[in-house]
Amino acid sequence: MQQLKRRLADAIISALDGAGAAHGQTTDSIIDMLEYPPDPELGELSFPCFKLSRALRKAPPAIAAELAEKLQCGDIAQPHQAGGYLNFKVSPEYFTRGVIPKIIAEGDGYGRTNEGEGKTIVLDYSSPNIAKPFHLGHLGTTVIGHSLRLLHEFRGFKCISVNHLGDWGTSLGKQIAAYKLWGSREQVESGGVDELVSLYVRFHEEAERDESLWERARREFALLEGGDPENTELWKWFIDLSIEEYKKTYAQLGIEFDYYLGESFYSDKMDEQVNLMREKGLLKIDDGASIVDLSEHNMPPCLILKRDGTTLYPTRDIAAAVYRYNTFNFDRCIYVTSAGQSLHFAQWFKVVELMGYPWADRLVHVPYGTMSVGGAKLGTRSGNTILLKELFKLSIDKVKEIMAEKNAELEDSDKIAEDVGVGAIVFGYLLNSRIKDISFDLQEALNFDGNTGPYAQYTYARTCSVLAKAAEAGYGAEAFTGEFAPNEAEFELAKTLSLFGEKVDDALASYEPSIVVRYILDICASFNRFYNSCRILGAENDDMVRFRLGLVRATNITLKNALHLVCMRTPTKI
Ligand code: ARG
């Protein structure tokens, strides 16, 4: 639809005959004004003339009428006036001979552009804390973060993903203390992260009774900071085994990180920044701690050093940002975390600005709301936290049950169940605007007939099976470019498919993968309406068969490209 908008906007500019340009209008500003009319009866696009009224000193209906008269847009669209609007009825030809063959020709490249070429985006997401559970709260950062990476890559940006593991601080001291007191190598080797988490939980339980444990944890961390060989070895081991386990979850989601650079990586990079803050006169001593006062900016102070001189979460983030800028020269650095950390980011972004770094305005925080799970009981050894891997497993098991009933002879069914089970959660989650707090219902997310991941994947698989049958019947992959008058369902589907590029634009502009997810549901709805009302291989004549196969192929391509952008796999059979 973007190309069409551009052509119509060009035509509007020419029809305004210099009057538009005289009032600062350009093709791009006109494109931004074009709207989709709420009622298809009115046409496919609409230009509200209200904004020109003042400049042209004419009533909007008069402008619309005049434009309708003068406009030269060939036979791709027919303009007509309705009130203050200039509406366009777009010719079906535009979709049937233009959009559909174009989608087929572009294939995997449909929707891609190189607008980001030469620009680098660093994305900081997922970033769980070693020693603590990798839980439901991390689903948002993991899948929103990865989807934002894929969306940017789709637009030609160079993306670098960094997993900013929480691998430093007193919690690591607690972990080491707990291991030394109650753990064993064998247990940790066999139990992995779960074992580490239960040791950590035990530490907190025992420390309720025995206060001296807190001191013990501080000591262990001080030893680690001082480079004590035993503690360093334990700490490295904990990290390695945690990453190994996180990678299993990431693999289920198709995620790989370019870098695992935990908070510890910046231990020797903070002094320089703290000194710079001091030189700039930003640091204040408050009750022994060093802070940056942000009252002028209506925020509480940003804590830089504790009373004992140890660094804090913001200090590490500041050092990490400087390192990333120096190393990657980013055009933007995006942080995806729960909205609970919004203040933290606003504070240290401000400190970076006050430090005089000219790239401070390239830091972006993308927050998301909380998620709770209803309709599923999930217990873990760590109390009532829900582990991500357990939720995935539960979902995969449920899908296996459903699939066994539906299609018992499916080949490769374990892999497909994983794709569908994990996909159901990702899709169900990303369907919501990211900032909303949601209650997630697994039962609902798994409903093959609802607006769900399985339904979207199933629709995609349906396109694959039609195309496979078509190939068997001897139909090639080439697009139909003959003349054809589409019916309503066909027209609607073609129109929906043409919107992909704009949906990607919108999703990027607002850092909102949900826009793509909702669009996938629009495609599925249009496709299924078409599929249920039109015979494809059994259509009346060969032109009709080939035209409809073109629509199926274009749907297959668009769905695949869109699903991949939101971390969804696309099994060809379900
Ligand atoms: N480890 C943190 C957590 O689990 C998230 C880190 C986000 N990234 C950052 N650069 N602060 O809450």
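Just so we're clear, the structure is a prediction, and the values are computed from it rather than from any experiment. (Residues numbered from 1 in each chain as written. Predicted model: local features only at pLDDT ≥ 70, side-chain atom pairs only at ≥ 80, totals over all residues. Heavy atoms only, no water.)

Asks: I would appreciate a short explanation of the overall build of the protein chain in the present structure.
Replies: Helices and strands together make up the secondary structure of the protein chain, namely 22 helices and 13 strands. Overall size of the protein chain, expressed as C-alpha extent along the three principal axes, is 85 × 65 × 35 Å. Looking at the protein chain as a whole, 55% of its 574 residues are labelled buried. Contacts spanning at least 24 positions in sequence make up 74% of the contacts within the protein chain whose residues lie at least 6 apart. (Helix = DSSP H or I, 4+ residues; strand = E, 2+ residues; numbered from the N terminus. Buried < 20%, exposed > 50% of the residue type's maximum accessible area, 1.4 Å probe, protein only. Contact = heavy atoms within 4.5 Å.)

Asks: Could you clarify how one ought to interpret helix H10 (residues 212-225) in this entry?
Replies: Since the α-helix turns once every 3.6 residues, residues separated by three or four places project in the same direction. Its 14 residues give H10 an end-to-end C-alpha distance of 20 Å, which sits within 8% of 20 Å, the value for a rise of 1.5 Å per residue. Within H10, burial applies to Leu 213, Ala 217, Glu 220, Phe 221 and Leu 224. For H10, the arc enclosing every buried residue in end-on projection is 95°, short of the 170-degree limit, so these residues lie on one face. Tucked into the core, H10 has its buried residues touching helix H8 (170-182), helix H9 (185-209) and helix H11 (229-253). In the segment just after H10, Gly 227 is the residue with positive phi, at about 90°. (Expected span 1.5 Å × (residues − 1). Arc of directions from axis to C-beta.)

Asks: Any chance you could explain the sheet that holds strand E1 (residues 45-48) here in plain terms?
Replies: Working definition: the strands of a sheet are paired by backbone hydrogen bonds and lie parallel or antiparallel to each other. Strand order in the open sheet formed by three strands is E1-E3-E2, with antiparallel pairing between adjacent strands. With one partner strand each, in any of the chains shown, E1 and strand E2 (77-82) form the two edges of the open sheet. Neighbour-to-neighbour, the strand axes of the sheet open up by a mean angle of 25°, direction not taken into account. Where E2 lies against strand E3 (residues 85-90), six bridges are found, and the strand directions are antiparallel. (Pairing = 2+ DSSP bridges. Axes fitted to C-alpha atoms, helices over the stretch in contact; angles between N-to-C directions.)

Asks: What am I meant to see in empty space enclosed by the protein here?
Replies: Where empty space is left can be seen by rolling a probe of water-molecule size over the atoms. According to the stated counting rule, one finds three cavities of 30 Å³ or more in the structure shown. When its volume is computed, the largest cavity comes out at roughly 90 Å³. Lining the largest cavity are Tyr 475, Gly 476, Ala 477, Glu 478, Ala 479, Phe 480, Arg 546, Leu 549, Gly 550 and Arg 553. Across the lining of the largest cavity, the residue classes tally to five nonpolar, two polar and three charged. (1 Å grid on protein atoms, 1.4 Å probe; cavity = no way out; pocket = protein on both sides within 12 Å on 5 of 7 lines; lining within 4 Å. Points joined across faces, edges and corners; volume = space filled by probe spheres on them. Nonpolar A, V, L, I, M, F, W, Y, C, P; charged D, E, K, R; others polar.)

Asks: I would appreciate a short explanation of the site of the ligand in the present structure.
Replies: In the vicinity of the ligand, the residues found are Asp 124, Ser 127, Asn 129, His 138, His 164, Tyr 313, Asp 317, Tyr 335, Thr 337, Gln 341 and Phe 345. Here a nitrogen atom of the ligand and a side-chain polar atom of Asp 317 are 2.7 Å apart. A distance of 2.9 Å separates an oxygen atom of the ligand from a polar side-chain atom of Gln 341. Considered on its own, the ligand offers 350 Å² of accessible surface; in the complex 89% of this is hidden by protein. For the shell around the ligand, the secondary structure elements donating two or more residues are helix H13 (313-328) and strand E10 (332-338). The class makeup of the residues in the shell around the ligand is three nonpolar, six polar and two charged. (Near = heavy atom within 4 Å. Polar contact = N/O pair within 3.5 Å; in protein donor to acceptor, adjacent residues only side chain to side chain. Areas by Shrake-Rupley, 256 points an atom, 1.4 Å probe, with all protein chains shown as cover.)

Asks: Would you explain the packing of H8 against H11 in this entry?
Replies: In helix packing, the relevant descriptors are the interaxial angle and the interaxial distance, both defined with respect to the helix axes. The interhelical angle for the contact between H8 and H11, taken along N-to-C directions, is 100°, at an axis separation of 11 Å. Taken together, the axes of H8 and H11 lie roughly perpendicular to each other. From H8, Leu 172, Gln 175, Ile 176, Tyr 179 and Lys 180 reach across to H11, where they touch Glu 230, Asn 231, Leu 234, Trp 235, Trp 237 and Phe 238. Partitioned by chemical class, the residues of the contact of H8 with H11 number seven nonpolar, two polar and two charged. (Parallel < 35°, antiparallel > 145°, perpendicular 65-115°, else oblique.)

Asks: What exactly am I supposed to notice about the packing of aromatic side chains here?
Replies: Aromatic rings considered in pairs are described by the distance between their centres and by the relative angle of their planes. Taken as a whole and judged by the stated rule, the model has 36 aromatic pairs. With centroids separated by 5.1 Å and ring planes inclined at 90°, the aromatic side chains of Phe 265 and Tyr 266 adopt a geometry described as edge-to-face. Where Trp 348 meets Phe 349, the ring centres are 4.8 Å apart and the plane angle is 85°; that geometry is what we call edge-to-face. In this structure, Trp 348 and Phe 349 share a single accessibility class: buried. The rings of Tyr 125, Phe 134, Tyr 246, Tyr 250, Phe 257 and Tyr 260 are connected pair by pair, giving a single aromatic cluster. One residue, Arg 185, lies across the ring of Trp 237, its end atom 4.1 Å from the ring centre. Across the ring face of Tyr 458, the terminal group of Lys 406 is positioned such that the distance to the ring centre comes to 5.5 Å. (Phe/Tyr/Trp six-rings, centres within 6.5 Å; stacked < 30°, edge-to-face > 60°. Lys NZ or Arg CZ within 6 Å of the ring centre and 35° of its normal.)

Asks: I would appreciate a short explanation of the pattern of salt bridges in the present structure.
Replies: Summed over the entire model, instances satisfying the criterion amount to 33 salt bridges. Taking the shortest distance from any N to any O, the salt bridge between Glu 490 and Arg 548 comes out at 2.6 Å. In this pair, Glu 490 is assigned in helix H19 (residues 488-497) and Arg 548 in helix H22 (residues 542-565), connecting sequence segments 58 residues apart. Arg 548 gets classed as buried once you look at its relative accessible area, which sits at 8%. In the salt-bridge network here, residues are joined through shared partners; they are Lys 180, Arg 216, Glu 220 and Glu 230. (Salt bridge = Lys/Arg side-chain N within 4 Å of Asp/Glu carboxyl O.)

Asks: In this structure, what is going on with the sheet that holds strand E8 (residues 289-292)? I would like to understand it.
Replies: Strand order in the open sheet formed by three strands is E7-E8-E9, with antiparallel pairing between adjacent strands. For this open sheet the edge positions go to strand E7 (283-286) and strand E9 (302-305), each flanked by a neighbour on one side alone. Between one strand axis and the next, the sheet turns through 45° on average, direction left out of account. As paired elements, E7 and E8 share four bridges and run antiparallel to each other. Note that in E8 the partner of Lys 284 across the bridge is Ile 291.

Asks: What is the right way to look at the nonpolar core in this model?
Replies: What tends to happen in soluble globular proteins is that the nonpolar side chains get buried as a cluster. Residues Phe 47, Phe 88 and Ile 520 are the most contacted members of the largest nonpolar core, which totals 158 residues. Among the nonpolar cores identified, the runner-up in size contains 36 residues, and Leu 305, Cys 333, Ala 360 and Leu 363 belong to it. (Core = buried A, V, L, I, M, F, W, Y, C linked by side-chain atoms within 4.5 Å.)

Asks: Is there a simple way to think about the environment of Arg 553 in this case?
Replies: The topology assignment puts Arg 553 in helix H22. Each C-alpha atom, one on Arg 553 and one on Leu 234, is 54 Å from the other, the two residues being 319 residues apart in sequence. Contacts of Arg 553, omitting those with residues within four sequence positions, involve Ile 104, Leu 467, Gly 476 and Ala 477.

Asks: Could you clarify how one ought to interpret the layout of surface pockets in this entry?
Replies: Each pocket or cavity is described by its volume, and for the largest pocket that value is around 470 Å³. Residue lining of the largest pocket: 24 residues in total, with Gly 169, Thr 170, Ser 171, Lys 306 and Arg 316 positioned closest to the centre. Ranked by the residues each element gives to the lining of the largest pocket, the list is headed by H10, at five residues. In terms of residue class, the lining of the largest pocket is built from seven nonpolar, seven polar and 10 charged.

Asks: Would you mind showing me how to read the state of the cysteines here?
Replies: Note on terminology: disulfide describes a covalent bond linking the sulfur atoms of two cysteines. For the structure on display, the rule yields zero disulfides. Not engaged in a disulfide, the cysteine Cys 49 finds its nearest cysteine sulfur in Cys 73; these two sulfurs lie 14 Å apart. No disulfide involves Cys 567; its sulfur sits 13 Å from the nearest other cysteine sulfur, which is in Cys 159. (Disulfide = S-S within 2.5 Å.)

In short, geometric facts, not functional conclusions.
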